[in-house]
Amino acid sequence: MVKDILGDYEVKGGSVQAIGKFIAFGLDDPFHITTVSGFTIYGIGKLMERRTNYGLRMAHRDIQEIKRSLREALLDITTMRF
């Protein structure tokens, strides 16, 4: 129960998606077998991504990222000269 509340650290399936993209676009052959298998592997990664448990850990990371990007945007705005 506590594990469900805390959730995962990162989104699942990111590396599987990257491997699928590499196979689909990097290893292109004349018969397109690697393209089909690459997109299949990418699709499996997308399904894994949907099953990620979004809990407190990922929410904390997202809030920290939003704070960082707002801080950078405010710094950019304050340093502008007219």
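Everything numeric in this text was worked out from a predicted model, so none of it was measured.

**Observations regarding the overall build of the chain**
Regarding its fold elements, the chain presents four helices and zero strands. The order of α-helices and β-strands along the chain, N terminus first, is α-α-α-α. Over its C-alpha trace the chain gives a radius of gyration of 19 Å, far above what one expects of a compact globule, namely 12 Å for 82 residues. Here the contacts in the chain between residues at least 6 apart in sequence split such that 66% fall between residues at least 24 apart. Carbon and sulfur atoms form 66% of the exposed surface of the chain, whose accessible area is close to 6,900 Å². Counting 12 positive and 10 negative side-chain charges, the chain places the centres of these two groups 6 Å from one another.

**Side note on the packing of aromatic side chains**
For the coordinates displayed, the defined rule picks out one aromatic pair. On the basis of an interplanar angle of 85° and a centroid distance of 5.5 Å, the ring pair of F25 and F39 is categorised as edge-to-face. In this pair, F25 is assigned in helix α2 (residues 14-26) and F39 in helix α3 (residues 33-50), connecting sequence segments 14 residues apart. Using a relative accessible area of 43% as the deciding quantity, one classes F39 as partly exposed.

**Topic: α2**
In this model α2 runs 17 Å from its N-terminal to its C-terminal C-alpha over 13 residues, within 8% of the 18 Å that 1.5 Å per residue would give. Of all the positions in α2, only Q17, G20, I23 and A24 are classed as buried. The buried residues of α2 occupy one face: seen down the axis, they fall within an arc of 130°. Within α2, the exposed residues directed more than 90 degrees away from the buried face are S15, F22, F25 and G26. For α2, the elements touching its buried residues are α3.

**Considering a nonpolar patch on the surface**
Taken together, the side chains of L74, I77, M80 and F82 make up a nonpolar region of the molecular surface, amounting to roughly 540 Å² of accessible area. A relative accessible area of 54% places I77 in the exposed class.

**Details of the environment of I44**
Mapped onto the elements of the fold, I44 is located in helix α3. With a relative accessible area of 44%, I44 lands in the partly exposed category. A C-alpha to C-alpha distance of 34 Å links I44 and L70, two positions 26 residues apart in sequence.

Thresholds applied
Residues numbered from 1 in each chain as written. Predicted model: local features only at pLDDT ≥ 70, side-chain atom pairs only at ≥ 80, totals over all residues. Heavy atoms only, no water. Helix = DSSP H or I, 4+ residues; strand = E, 2+ residues; numbered from the N terminus. Rg over C-alpha atoms; globule rule 2.2 N^0.38 Å. Contact = heavy atoms within 4.5 Å. Areas by Shrake-Rupley, 256 points an atom, 1.4 Å probe, with all protein chains shown as cover. Lys, Arg positive; Asp, Glu negative; His and termini not counted. Charge placed at Lys NZ, Arg CZ, Asp CG, Glu CD. Phe/Tyr/Trp six-rings, centres within 6.5 Å; stacked < 30°, edge-to-face > 60°. Buried < 20%, exposed > 50% of the residue type's maximum accessible area, 1.4 Å probe, protein only. Expected span 1.5 Å × (residues − 1). Arc of directions from axis to C-beta. Patch = residues over 30% accessible without salt bridge, like charges linked within 9 Å, V, L, I, M, F, W, Y side chains within 5 Å. Salt bridge = Lys/Arg side-chain N within 4 Å of Asp/Glu carboxyl O.

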